[in-house]
Amino acid sequence: MAKDLENTIMSEEKKGGANLLPVVIVLAVLLVASLGYIFYLHKVNTVSQEELAQSQKNVEVLQADLNNKIAEIQELGGNVEDLQAIRAQLEEEKSTLENKNSVTTRQLMEFQNKAEGYRELLLRKEKEIAKLKQINDQLVTENVELKEEKNELNRNIKNLNAEREKLNDKVAFASRLKTKDLEVFAVSETGKEREGREFRQRHLDKLKVSFQIAENKVAPVGGRDIMIRLIDENDNVLFDVSKGGGTFMYNGRETFYTEKQNILFDNSKQSLTFVYDKGSEYDKGKYILEVFTDDYKMGEIPFSVR
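Everything numeric in this text was worked out from a predicted model, so none of it was measured.

### As for the sheet that holds strand β1 (residues 179–187)
Taking strand neighbours across the sheet as the criterion, the 4 strands line up as β2-β1-β4-β9 in an open arrangement whose pairing is antiparallel. In the strand order of this sheet, the two ends are held by β2 (193–195) and β9 (271–276), each with one partner. Mean inter-strand twist for the sheet, computed between neighbouring axes without regard to direction, equals 25 degrees. Both β1 and strand β4 (residues 206–213) contribute to a ladder of 7 bridges, which runs antiparallel. Bridging across to β4, A186 finds its partner in L207.

### Overview of the pattern of salt bridges
Under the defined criterion, the tally for this structure stands at 9 salt bridges. Here E72 ties to K133 by a salt bridge, and the two come within 3.1 Å at their closest N and O atoms. Taken as a pair, E72 in helix α2 (residues 49–75) and K133 in helix α4 (residues 105–174) lie far apart in primary sequence, 61 residues in all. Between R224 and D294 there is a salt bridge, with the nearest N and O atoms lying 4.0 Å from each other. Of this pair, R224 sits in strand β5 (residues 222–231) while D294 sits in the loop between β10 (285–293) and β11 (296–305), placing them 70 residues apart in sequence. In this structure R224 comes out as buried when scored by relative accessible area, which is 9%.

### A few points about the pairing of strand β6 (residues 246–250)
Bridge analysis of β6 against strand β7 (residues 253–257) gives 5 bridges, and the strand direction is antiparallel. Looking at the pairing, Y250 lines up with R253 of β7. Between β6 and β7, which pair antiparallel one after the other, the connecting turn spans 2 residues, and N251 there sits at a positive phi close to 55 degrees.

### Focus on the sheet that holds strand β3 (residues 198–199)
In space, the 5 strands of this open sheet follow the order β3-β11-β10-β5-β8, with mixed pairing throughout. Among the strands making up the open sheet, the edge pair consists of β3 and β8 (259–265). Here β3 runs beside β11; their pairing, made up of 2 bridges, is parallel. Note that in β11 the partner of E198 across the bridge is S304.

### Notes on the side chain of T179
By the secondary structure assignment, T179 is in strand β1. On the accessibility criterion, T179 (18% relative accessible area) is buried. Among all residues touching T179, those that are not within four sequence positions of it are F211, Q212, V291, M298 and G299.

### Side note on a negative patch on the surface
Together, E142, E145, E148 and E149 give the surface a local cluster of negative charge. Among the secondary structure elements, E145 is positioned in helix α4.

Cut-off values and rules
- Residues numbered from 1 in each chain as written.
- Predicted model: local features only at pLDDT ≥ 70, side-chain atom pairs only at ≥ 80, totals over all residues.
- Heavy atoms only, no water.
- Pairing = 2+ DSSP bridges.
- Helix = DSSP H or I, 4+ residues; strand = E, 2+ residues; numbered from the N terminus.
- Axes fitted to C-alpha atoms, helices over the stretch in contact; angles between N-to-C directions.
- Salt bridge = Lys/Arg side-chain N within 4 Å of Asp/Glu carboxyl O.
- Buried < 20%, exposed > 50% of the residue type's maximum accessible area, 1.4 Å probe, protein only.
- Contact = heavy atoms within 4.5 Å.
- Patch = residues over 30% accessible without salt bridge, like charges linked within 9 Å, V, L, I, M, F, W, Y side chains within 5 Å.
- Areas by Shrake-Rupley, 256 points an atom, 1.4 Å probe, with all protein chains shown as cover.
- Lys, Arg positive; Asp, Glu negative; His and termini not counted.
- Charge placed at Lys NZ, Arg CZ, Asp CG, Glu CD.

Given below as structure tokens:
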């Protein structure tokens with residue numbers, strides 16, 4: 001009896017296992033199909049390396065265009081804060097895509113749509129650049145006109161200054177004092193004077209110089225140093241500090257004078273007389289007597305000693 005029951009149970013277990021087998025097979029098939037479908041979807045939605053590389057090239061072109069626009073607008077003096085923000089955002093999004101193991105078609109499309117929006121913005125910036133160029137061209141034109149006016153004004157000022165300098169030179173030259181009736185005399189030891197241009201040594205103990213300051217209506221009244229220079233035929237100035245000699249500036253150089261008088265010039269045709277005592281015998285030869293004031297020559301007269 002017990003043995004019959006055991007046989008009955010084993011028969012039922014075999015019967016139940018046979019009924020579960022079809023279910024297991026169906027589930028396995030469904031699982032494989034699902035995994036295959038998922039793999040298919042992943043494969044279909046994943047962007048190929050060629051597509052991604054081409055997209056990256058397009059972005060690089062966009063970045064180059066963006067950088068050019070920024071540089072151009074900056075040069076024209078425009079505001080580029082919005083473009084700089086877009087450049088940073090574009091670089092960040094590009095870096096994010098490059099660091100992903102795989103990129104889906106959807107992700108790439110979103111990125112490309114943003115890039116397309118950036119391109120449209122750059123096209124709108126072209127109008128801004130054109131307007132800035134127009135403004136800058138107008139400013140350049142105005143600047144050129146202002147420079148031309150300034151240059152013309154500078155030329156006029158320069159010409160006026162040149163004319164004034166010429167006039168000042170003419171006035172300065174016209175105001176120079178001149179000698180009138182310049183004469184030299186040989187004064188002997190006895191005090192006898194001999195006029196002329198040629199003297200004997202024995203007659204020339206002292207040299208007397210007399211002249212009148214010619215009238216000059218443009219010469220300013222004021223103090224003047226009147227100097228005489230006695231020059232021998234070797235171009236040496238007879239010079240002795242103990243006898244009234246000294247130096248003055250002439251043609252930018254320090255030069256000697258033989259004797260000097262200080263006068264108050266009053267434009268009254270003043271007469272002046274110098275008596276120069278050399279203190280020794282004059283060498284035979286030719287001499288020149290020059291009269292100076294300030295830094296110019298008033299007159300000169302030659303004479304000789306024999």
